[in-house]
Amino acid sequence: MEIIVAAGIAALAVYIFYRSAKKKTKGDCGCGSCSSHCPIYEEQKKNS
Amino acid sequence: MSICDLKPGQCGYIQSISGNKKLVKRLMALGCIEGTPVKVKLYAPLGDPIIINFRGFDLAIRKKDAMNIQLREA
Amino acid sequence: MITAALLGNPNVGKTTLFNYLTGSNQYIGNWPGVTVEKKEGYIENRVKIVDLPGIYALDTFSNEEKISKEFLEKGNVDVIVNIVDASSLNRNLYLTLQLKQFNKPIVLVLNMMDVANAKGIKINYEKLATKLGVTVIPISASKGIGVEEVKKLLESGNFFSPVNENDYHYTDDEKENYRFIEEVLAEVIVKEKIESTTIGEKIDLIVLNKYLAYPLFLLILYIIFMFTFSWVGQPLSDALDEYIISGIVALLENLLQNSSPWFSSLIIDGIVGGVGSVLVFLPIVMALFLGISFLEDSGYMARAAFIMDKIMRKIGLSGKAFIPFIIGFGCTVPAIMSARTLESEKDRKLTALLVPLMSCNARLPVYALFATIFFPGNESAITFSLYLLGVAIAILIGLLFKNTIFKKDEEPFIIELPEYKVPELRNLMLNTWEKGKGFLKKAGTIIFAMSVIVWFLSNFNFNGMTDMESSFLAHLGGVIAPVFKPMGYGTWQSAVALLTGLMAKEVVVSTMGVVYGLDLHNILAQQFTPIAAYSFLVYVLLYTPCISVIAVMRKEFGNKMMAFSVFYQLLLAWIVSFIVFNVSSLILG
């Protein structure tokens, strides 16, 4: 049971890490205050 | 004389602007044109830039650039 | 769908109106040049509104003007919403005249009517509308007055029919244009009061005084840090730590008392230790941001640019570069992006190289953690000193680059000084909340992920689960650690914290939270001397901010610049940290 939960957490962490790292290499800083200047502003807009 | 010859608080009337083409264009678009009354409000703590006032607003400008704003002789 | 272009002089409230109309929350400051690129928003999917950078005219060759002009020409604009400062119509209408050349309907939004009224300015709206051939709506965007009318008008699509070639008064001669404006205004404006010295002028005499200007500048900044640490942020942060985080830990320990030790370590040391150690600093981050927002809204920033101009010039930068530097105190990425508006290539590059030295928000939790442990009671002073050190180093490096890599030319610089105003509570709260939200999101994503990964790497090696000292992470850290030995923090834990900090600077804290566990404060106090702690903070201040910055650097300037910026910052951080450690060791013994 514990191993399954731990594996789940690890998988989630790796997934989030992968996603953030991918965004970051596009220049997303995730600081939440800069949507207007952000390099990925255009992309975010398309998604939302 | 140029605008730099004014002391803080003194006023004058603009005669002409010369120098950097972009800057001239910009200042003219702001209404810094012949006959406009202009006032030097104050100098920065280190003596440069200066604040000038015309058409009701304050503009900070470097002395080097302000030298190019010529005033009408009184 | 109707496309509306929002245009006007800098700092007349375009973005405030934009936010009201579209319900979005774009960043606003009371200083010219906050909006550097166009932004889009919608009113109920019927009207698309495009917020363009503030400009005074369309033909004076600045980058902002290029963006605006291009959009007007190619963006299928149905209507131009030209927002003007009603208390300074004279100059504002110059742009309006130029806009008429596009033969589009123009809605002239007279903003800041409250200010104009206070100045005793009365405007005959109908007459102004007829004279200029536009629709006129008086509003007061910061108070939300009149905004509904603008919205309704845009939604109805019912604009003043424009196209009348003879209606066009713009000529190539500025003098003619202003004569026309003056003629129009003479008929529509009644000025009841004659202006005497305003409060703003009195404030300027003090704030820009020869002797007081710099001490006051420092004092104002120091007050913001006191607010952040001593008065509001730190106490709240302590409360958060004591009641909420500790409560959660106690609850979890209770829940997990029957689980295997490794599992409860993952949850408590890994997740809570990592994420929690960063999360407690939420109030501090928000408090500092609130302080800076207040300063921006008040109109002081343009004054700061004014008194710093001579120094900026010394390091070979145009005064306009001041804007990216201020943004850099929030986040380096948008700061580098905003360098786009600078006119010369040299300015853009030099700015992008120096901006990362401005201490961004993400570094704040690291300072706060170390300052509370090693310098209790002096948190404000320590943090303040780091921010100032960043600026001082930027000036030195600027001088160095100016005389070596980037030689030459100076762009002329003019900046309008906005009037002082009392910041709007709504705007402050929105901005600060937005910041807090961003911080929470970061804690929930990248910091959480890094904490879990760091926990696994610090509890495993190729043989499976192991003691932390022989884990993957300890080996990895051990390889790098000698580099930091001369500065007094040559442990594998510090090395690893700095390395993982490249993902985001807050991760420096969360990694330490994971590898040192819940007793973080006490263990850190044994691992560092106060001097080593300060040198560590200096390193955190100066080394490459994060991979987002590296990515943006590459995007904007290419591989060579990216490599150079990473390398020079790593080297710079090491050198300065080394000097700080050794000099203070010598002096303080």
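Residues numbered from 1 in each chain as written. Chains lettered and ligands numbered in written order. Predicted model: local features only at pLDDT ≥ 70, side-chain atom pairs only at ≥ 80, totals over all residues. Heavy atoms only, no water.

**Points about the overall build of chain C**
Keep this limit in mind: Numbering of helices and strands runs from the N terminus, with a helix taken as a DSSP run of H or I at least four residues long and a strand as a DSSP run of E at least two residues long. All radius of gyration figures rest on C-alpha atoms, and the globule criterion is 2.2 Å times the number of residues raised to 0.38. In this scheme, a residue with accessible area under 20% of its type's maximum is buried, one over 50% is exposed, and one in between is partly exposed, where area comes from a 1.4 Å probe on protein chains only. With residues, only the protein chains shown are counted as cover, and all accessible areas are computed by Shrake-Rupley using a 1.4 Å probe. Residues scored as charged are limited to Lys and Arg (positive) and Asp and Glu (negative), so that His and the chain ends carry no count. Working definition for charges: the position is that of NZ of Lys, CZ of Arg, CG of Asp or CD of Glu.
Counting its regular elements, chain C contains 26 helices and eleven strands. A globule of 589 residues ought to have a C-alpha radius of gyration of about 25 Å, and chain C, at 27 Å, matches this closely. Projecting the C-alpha coordinates of chain C onto the three principal axes gives extents of approximately 85 × 55 × 45 Å. Residues classed as buried in chain C amount to 60% of the 589 residues present. For chain C, the exposed surface amounts to about 23200 Å²; the carbon and sulfur share of it is 62%. Positive and negative charge centroids in chain C, built from 48 and 53 side chains respectively, lie 4 Å apart.

**Notes on the overall build of chain B**
Secondary structure summary: chain B contains two helices and five strands in total. Tracing chain B from N to C terminus, the helices and strands come up as β-α-β-β-β-α-β. The C-alpha radius of gyration computed for chain B amounts to 11 Å, which stays within 12% of the reference 11 Å derived for 74 residues, consistent with globular compactness. Here chain B holds 74 residues, and 57% of them are scored as buried. Carbon and sulfur atoms make up 54% of the accessible area of chain B, which amounts to about 3000 Å² in all.

**Focus on the sheet that holds strand β7 (residues 135-138) of chain C**
All names here are of chain C. As a reminder of what qualifies: In this analysis, strands are considered paired if DSSP registers two or more bridges between them. For helices, the fitted line uses only the C-alpha atoms of the stretch in contact; every axis is such a line through C-alpha atoms, and the angle between N-to-C directions lies from 0 to 180 degrees. By definition in these notes, contact holds between two residues if any of their heavy atoms fall within 4.5 Å.
The six strands lie next to each other as β2-β3-β1-β4-β5-β7, forming an open sheet whose pairing is mixed. In the strand order of this sheet, the two ends are held by β2 (39-43) and β7, each with one partner. Taken pair by pair, the neighbouring strands of this sheet meet at an average axis angle of 25°, ignoring direction. With five bridges connecting them, strand β1 (residues 2-8) and strand β4 (residues 79-85) associate as parallel partners. Within the sheet, the bridge partner assigned to Ala5 lies in β4 and is Ile80. Across the sheet, helix α6 (residues 147-156) lies against β1, β2, β3 (47-51), β4, β5 (106-111) and β7, angled at about 150° from β7, the strand it touches most.

**Things to note about the interface of chain C and chain B**
Operational definition: What counts as buried area is the accessible surface, traced by a 1.4 Å probe, that two parts surrender upon association, with contributions from both included. Any carboxyl oxygen of Asp or Glu within 4 Å of a side-chain nitrogen of Lys or Arg constitutes a salt bridge here. We define a polar contact as two N or O atoms separated by no more than 3.5 Å, with the added condition that, inside protein, one atom must be a possible hydrogen donor and the other a possible acceptor, whereas residues neighbouring each other in sequence contribute only through side-chain atom pairs. Three classes are used: nonpolar for Ala, Val, Leu, Ile, Met, Phe, Trp, Tyr, Cys and Pro, charged for Asp, Glu, Lys and Arg, and polar for all others, with Gly counted as polar.
Between chain C and chain B, the residue contacts involve 39 residues of the former and 31 residues of the latter. Interface of chain C and chain B: buried area, both sides summed, is about 3400 Å²; carbon and sulfur atoms make up 59% of it. Its largest share of buried area at the contact with chain B, chain C owes to Phe306, Pro412 and Ile414 of chain C, together 20% of the area lost on that side. The interface formed by chain C and chain B holds seven salt bridges in total. Between Arg313 of chain C and Asp48 of chain B there is a salt bridge whose closest N-O contact spans 2.5 Å. If you look at where chain C meets chain B, you find 13 residue pairs in polar contact (both at pLDDT 80 or more). Only α3 (89-99), α7 (174-188), α8 (199-207), α9 (213-231), α13 (300-314) and β9 (414-417) of chain C provide two or more residues apiece to the side of chain C that touches chain B. With five residues, the top contributor of residues to the side of chain C that touches chain B is α13 of chain C. Taken together, the residues of the side of chain C that touches chain B sort by class into 17 nonpolar, seven polar and 15 charged. Of the pairings in the sheet, the one linking strand β4 (residues 57-61) of chain B to β9 of chain C comprises four bridges and is antiparallel in character.

**Looking at the sheet that holds strand β3 (residues 50-54) of chain B**
Ordered by their spatial adjacency, six strands build an open sheet running β5(B)-β1(B)-β2(B)-β3(B)-β4(B)-β9(C), and the pairing between neighbours is antiparallel. Lying at the two open borders of the sheet, with one neighbouring strand each, are β5 (69-71) of chain B together with β9 of chain C. Here the average twist between neighbouring strands, direction ignored, is 45°. Here three bridges tie strand β1 (residues 11-17) of chain B to strand β2 (residues 37-43) of chain B, and the two strands are oriented antiparallel to one another. Directly across from Gly12 of chain B, in β2 of chain B, lies its bridge partner Val38 of chain B.

**So, the arrangement of the chains**
In this assembly two pairs of chains touch, with chains B and C having more contacts than any other pair. A gap remains between chain A and chain B, with no contact made and the closest C-alpha atoms lying 25 Å from each other.

**Topic: the environment of Val540 of chain C**
All names here are of chain C. Along the chain, Val540 turns up in helix α24 (residues 530-542). Given a relative accessible area of 0%, Val540 falls into the buried group. Leave out the neighbours within four places in its chain, and Val540 touches Arg363, Val366, Leu498 and Lys505.

**A closer look at the side chain of Ser2 of chain B**
Residue and element names in this part refer to chain B. As for its placement among the helices and strands, Ser2 is situated in the segment before β1. Using a relative accessible area of 6% as the deciding quantity, one classes Ser2 as buried. Separated by 3.0 Å, the side chain of Ser2 and the backbone nitrogen of Cys4 make a polar contact. Non-local contacts of Ser2, meaning those with residues more than four positions away in its chain, are made with Ala66, Met67, Ile69, Gln70 and Leu71.

**Brief notes about the confidence of the model for chain C**
Any residue range with low pLDDT should be treated as having predicted coordinates unsuitable for detailed reading. Residue and element names in this part refer to chain C. The condition that has to hold: How sure the predictor is of each residue is captured by pLDDT, a score from 0 to 100.
Scored by pLDDT, chain C comes out at a mean of 89, with 95% of its residues at no less than 70. Taken element by element, the predicted model of chain C shows its lowest mean pLDDT in β2 (82) and its highest in α24 (97). Here the predicted complex carries an ipTM of 0.92, next to a pTM of 0.89.

**Overview of the nonpolar core**
To keep it simple, the criterion reads: Each nonpolar core is a collection of buried residues, namely Ala, Val, Leu, Ile, Met, Phe, Trp, Tyr and Cys, held together in the definition by side-chain atoms within 4.5 Å.
Judged by nonpolar contacts, the single largest core of 151 residues is most densely connected at Phe370, Phe528 and Phe536 of chain C. For this core, the leading source of residues is α24 of chain C, giving eleven residues.

**Some remarks on the pattern of salt bridges**
As enumerated under the stated definition, the model contains 22 salt bridges over all chains in all. Residue Lys41 of chain B is joined to Glu201 of chain C by a salt bridge in which the shortest nitrogen-to-oxygen separation is 2.7 Å. With Lys41 of chain B in strand β2 and Glu201 of chain C in helix α8, this residue pair bridges two chains. Look at Lys41 of chain B and you get buried, because its relative accessible area is 17%. Ionic pairing is found between Glu345 of chain C and Lys349 of chain C, a salt bridge with its closest N-O pair at 3.7 Å. Of this pair, Glu345 of chain C and Lys349 of chain C both sit in helix α16 (residues 345-354), four residues apart, which is roughly one turn of that helix. Members of the salt-bridge network, linked through shared partners, are Lys25 of chain B together with Asp59 and Glu174 of chain C.

**What about the packing of aromatic side chains?**
Residues and elements named next belong to chain C. Going by this rule: Only Phe, Tyr and Trp rings take part, Trp by its six-membered ring, and two of them pair if their centres are within 6.5 Å. Stacked means planes under 30 degrees apart, edge-to-face means over 60, and tilted covers everything else. A ring is scored as having a charge over it whenever the NZ atom of a lysine or the CZ atom of an arginine sits within 6 Å of its centre and within 35 degrees of its normal.
Inspection of every chain in the model, using the stated rule, returns 28 aromatic pairs over all chains. Relative to Tyr387, the ring of Phe329 has its centre 5.9 Å away and its plane inclined at 25°; by these criteria the two rings are stacked. You can see Phe329 sitting in the loop between α14 (322-328) and α15 (332-338) and its partner Tyr387 sitting in helix α18 (residues 379-403), a full 58 residues away along the chain. In this pair, the class of Phe329 matches that of Tyr387, namely buried. With a centroid separation of 4.9 Å and 90° between ring planes, the pair formed by Phe462 and Phe472 is classed as edge-to-face. Residue Phe462 is located in the loop between β10 (460-461) and β11 (464-465), and its partner Phe472 is located in helix α20 (residues 472-480); the two are separated by ten residues in the primary sequence. An aromatic cluster is defined as three or more aromatic residues linked by ring pairs; in this entry it consists of Phe370, Phe374, Phe484, Tyr489, Phe528, Phe536, Tyr539 and Tyr543. The ring of Tyr420 carries Arg303 above its face, with NZ or CZ at 4.1 Å from the centroid. When the ring centre of Tyr20 is taken as origin, the NZ or CZ atom of Arg426, which lies over that ring, is 4.3 Å away.

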